Amino acid sequence: HHTSMEQNHFCLKLVVIQIILVTFIKAAFVPNVNPGLQLRISQAGLNYAAKQALAALSKKAQGQTIPDQHGRADVKVGKVDYDITSMRVTGFSPGSGAASVGQGTLTLSVTNVGASVHGDWHYKYKLGFIKVSDHGSFDVSVSGASISLGIALGLDSAESGRPTIHSSSCSSNVDKVNVKFHGGASWLYNLFSSNVEKALKGNLRDMMCKAAQDAINDNAAKELATLKVVVPIENIVDLDYRLVAAPLIGNGVLETYHKGEVFLHGDRTESPYTPSPMEDPGAQTKMLTIWLSDYVMNTLGYVLNKHGVLKYNLTAKDFNITAVGLHGNMAGYMNYSVLLNNGSKAFLFSTMTTVDITLVAQMNNVKITANVTTIDPDLKVIESTIGDVEGSLKFLFDVAANSFIKPKLNEVGQKGLDLPSIDDITYVNPSLKFMKNSLCLMTDVQYTPDTTLYFRPSKK
């Protein structure tokens, strides 16, 4: 009996669960340290999640099967054993839904769900020594079904930096189940129709909560336990996405906080920098907001310089994002040589050069790209074999900057910085905002899921 019910599970795809898992649970308390990366899902995003959940329910419910039901009813002729089989959903009305946050809990609520189901029935009973049986078909209309699922988020450990998830509560209800039988002795099956309705109503309630909680406590928990929290970039450095605190749930938003430090691949040595506080961009109509602190760029420069990838020194003040734009400052020794006819190089002079660079950034699909607008150098001669050249250096450097340095920097800038990648999520109409110590991305999202949740009846 139970094997049959397990094999005939009721399959519904709930988009919102995957959104919660992959998008909004990447990071319920404000962190003790400033994060390098921060994500926020707004009420607009939560509303989108609920809308997608209902759309998925409506699409996947059509044609799905419901486990067979078996029972016994007491009627005037005695005890009647009945079976209802081959049940399938022939119509589905998704009703309305909402996702909300508060009191440290994310709550998914779906109300006014309706459905129609068609199936077959069979009954048998004894009338004295005579065995009586009959069969036919039936139609069921379900209305007023609802479910409210509470989801709690946490942090596994500071070392792993992965989020945890479990269902904190679940309640479901089926308001009305009406059964209409076709064929056979109507005077008999109408007598136990109320028993069938009651059995279906209870089974549907159990299925909704059990399926939703299994999806959270089993499927979601296992997926989060293997979530990648360190992302390689060009196989040279790694960007650390580990959480520095549990997700914040409250005030109508869901926020996650990430370390955001860049390490050399295979080397976890901490940089000497610490992230600065990031400003709040204020109320947003976009679904998703991502803060990228200048701490990310500073740790990147530190790692590249420390391991000889760069030929210039970067300090904590080298990149400071302001409300005006993006500025870079670097200082280093530059050697100038001339290529002789015989192929050898002859040293001319060396300088201590400080360069201030101003850039403008923009969105390009899922990348942040940049262009250099100005390069302002300050050069001091350290050693020279050709006399006093300091007066001419500014002109020479301007020529070099415009013919070589600026094009090369723009070439790198156009390759861009990939935005945080989220499975099955496409950014829609993203925009950038420069703020003190951070670059803020605000975007809507489009979600294309690939997760199927199976509804199974509870075993009693």
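Residues numbered from 1 in each chain as written. Predicted model: local features only at pLDDT ≥ 70, side-chain atom pairs only at ≥ 80, totals over all residues. Heavy atoms only, no water.

## Some words on the overall build of the protein chain
For clarity, the threshold we go by: The way it works is that DSSP assigns letters per residue, a run of H or I at least four long becomes a helix, a run of E at least two long becomes a strand, and they are numbered from the N terminus. Each residue is placed in one exposure class: buried if its accessible area under a 1.4 Å probe, protein chains only, is under 20% of its type's maximum, exposed if it is over 50%, and partly exposed if it falls in between. Calculation of accessible area relied on Shrake-Rupley with a 1.4 Å probe; when residues are assessed, cover is drawn exclusively from the protein chains displayed.
Check the secondary structure of the protein chain and you find 7 helices and 24 strands. Looking at the protein chain residue by residue over its 460 residues, the buried ones come to 45%. In the structure as shown, the protein chain presents an accessible area of about 22,900 Å², 52% of it carried by carbon and sulfur atoms.

## Focus on the sheet that holds strand S16 (residues 288-293)
Cut-off, in case you're wondering: The pairing criterion for strands is at least two bridges between them, as found by DSSP. Throughout, an axis means a line fitted to C-alpha atoms (over the contacting stretch in the case of helices), and angles, computed between N-to-C directions, take values from 0 to 180 degrees. Note on contacts: a residue pair qualifies if any of its non-hydrogen atoms lie within 4.5 Å across the two residues.
Across the sheet, 6 strands lie side by side as S13-S14-S2-S16-S23-S22; this open sheet has antiparallel pairing. Strands at the two margins of the open sheet, each flanked by one partner only, are strand S13 (248-250) and strand S22 (425-435). Sheet twist, expressed as the mean angle between neighbouring strand axes with direction ignored, is 15°. Taken together, the 5 bridges between strand S2 (residues 37-41) and S16 define a ladder with antiparallel strand orientation. Looking at S16, one finds that isoleucine 41 is bridged to leucine 288. Packed onto the sheet, helix H6 (residues 294-306) meets S2, S16 and strand S23 (438-447) and runs at close to 40° relative to S16.

## Considering the pattern of salt bridges
As a reminder, the rule being used: By salt bridge we mean one thing: a side-chain nitrogen of Lys or Arg within 4 Å of a carboxyl oxygen of Asp or Glu.
The final tally for this structure, using the stated rule, is 7 salt bridges. Residue glutamate 261 pairs with lysine 259 through a salt bridge whose shortest N-O separation is 3.4 Å. Looking at glutamate 261, the relative accessible area reads 0%, which means it is buried. Between glutamate 270 and lysine 259 there is a salt bridge, and its shortest N-O distance comes to 3.5 Å. Residue glutamate 270 is located in the loop between strand S15 (262-264) and S16, and its partner lysine 259 is located in the loop between strand S14 (253-258) and S15; the two are separated by 11 residues in the primary sequence. For glutamate 270, a relative accessible area of 43% translates into the label partly exposed. We classify lysine 259 as buried; its relative accessible area is 18%.

## A few points about helix H5 (residues 193-225)
Condition: The span you would expect from a helix comes to 1.5 Å times its residue count less one. Each residue is assigned a bend, namely the angle between axes fitted to the seven residues that terminate at it and the seven residues that start at it.
Across its 33 residues, H5 extends 47 Å between first and last C-alpha, which sits within 8% of the 48 Å expected from 1.5 Å per residue. At alanine 215, H5 shows its maximal kink, close to 30°.

## A look at unusual backbone geometry
Phi is positive for serine 86, close to 55°, though the residue is something other than glycine. Along the chain, serine 86 turns up in strand S5 (residues 78-93). You will see that asparagine 437, though not glycine, has its phi angle at about 70°, which is positive. Locating asparagine 437 in the fold gives a position in the loop between S22 and S23.

## A few points about the environment of valine 75
Along the polypeptide, valine 75 turns up in strand S4 (residues 69-75). A residue is classified by how much of its surface remains accessible, and valine 75, at 15% relative accessible area, is buried. Along the chain, valine 75 and tyrosine 189 lie 114 residues apart, while their C-alpha atoms are 9.5 Å from each other.

## Quick notes on the nonpolar core
Across soluble globular proteins, nonpolar side chains have a tendency to be buried as a group. Applicable threshold: The criterion is simple. A nonpolar core is a set of buried Ala, Val, Leu, Ile, Met, Phe, Trp, Tyr and Cys residues joined through side-chain atoms within 4.5 Å.
Counting 58 residues, the largest nonpolar core has Tyr123, Phe138, Val140, Val142, Val179 and Leu200 as the members making the most contacts within it. Looking at which element gives the most residues to this core, the answer is H5, with 9 residues. Beyond its immediate sequence surroundings of up to four residues, phenylalanine 138 is in contact with Ile84, Thr85, Met87, Val117, His118, Gly119, Asp120, Trp121, Val179, Lys180, Phe181 and His182.

## As for the environment of threonine 269
Rule in force here: We define a polar contact as two N or O atoms separated by no more than 3.5 Å, with the added condition that, inside protein, one atom must be a possible hydrogen donor and the other a possible acceptor, whereas residues neighbouring each other in sequence contribute only through side-chain atom pairs.
Structurally, threonine 269 can be placed in the loop between S15 and S16. Look at threonine 269 and you get partly exposed, because its relative accessible area is 39%. Taking the C-alpha atoms as reference points, threonine 269 and valine 303, separated by 34 residues in sequence, lie 9.2 Å from one another. Sequence-distant contacts of threonine 269, defined by excluding residues within four places in its chain, comprise Glu261, Phe263 and Lys306. Side chain to side chain, threonine 269 and aspartate 267 meet in a polar contact 2.6 Å long.

## What about the side chain of glutamate 255?
Looking at the secondary structure, you find glutamate 255 in strand S14. Overall, the relative accessible area of 6% leaves glutamate 255 in the buried class. A distance of 2.5 Å separates polar atoms of two side chains, one belonging to glutamate 255 and the other to arginine 40.

## Here we look at the packing of aromatic side chains
The line we're drawing: When the centres of two rings from Phe, Tyr and Trp lie within 6.5 Å, Trp using its six-membered ring, the rings pair. Their planes under 30 degrees apart give stacked, over 60 give edge-to-face, and anything left gives tilted.
What the rule picks out here adds up to 5 aromatic pairs. With 6.1 Å between their ring centres and 80° between their planes, tryptophan 121 and phenylalanine 181 make a pair best called edge-to-face. Linking tryptophan 121 in strand S7 (residues 105-127) with phenylalanine 181 in strand S10 (residues 176-182), this pair joins segments that are 60 residues apart in sequence. Using a relative accessible area of 10% as the deciding quantity, one classes phenylalanine 181 as buried. Of the aromatic side chains, those joined through ring pairs into one cluster are Trp121, Tyr123, Tyr125, Phe138 and Phe181.

## Some points on the pairing of strand S6 (residues 96-102)
Sheet topology note: the S6/S7 ladder contains 7 bridges and is antiparallel. Residue pairing across strands places serine 100 opposite threonine 107, the latter belonging to S7.

## Focus on the environment of threonine 358
With respect to the helices and strands, the residue threonine 358 is situated in strand S19 (residues 345-364). Here the alpha-carbon distance between threonine 358 and asparagine 329, two residues 29 residues apart in the chain, equals 8.8 Å. Other than its neighbours up to four places away in sequence, threonine 358 contacts Leu326, His327, Asn371, Val372, Thr373 and Thr374.

## Remarks on a nonpolar patch on the surface
Quick note on the threshold: Patches draw on residues past 30% relative accessible area with no salt bridge. Two like charges within 9 Å are joined, as are two nonpolar side chains (Val, Leu, Ile, Met, Phe, Trp, Tyr) within 5 Å.
On the surface, Phe395, Leu396 and Val399 cluster together into a nonpolar patch covering about 300 Å² of accessible area. Its place among the elements puts phenylalanine 395 in helix H7 (residues 390-415).

## Side note on the sheet that holds S15
Within the open sheet, the 3 strands sit side by side as S11-S12-S15. Their pairing is antiparallel. Each edge of the sheet is formed by a strand with only one pairing partner; in this case those strands are strand S11 (230-233) and S15. With direction set aside, neighbouring strand axes in the sheet form an average angle of 30°. Relative to S15, strand S12 (residues 237-240) runs antiparallel, the two sharing 3 bridges. Its bridge partner being in S15, valine 237 is matched across the sheet by leucine 264. The strands touched by H6 within the sheet are S12 and S15, with S15 carrying the most contacts at an inclination of about 15°.

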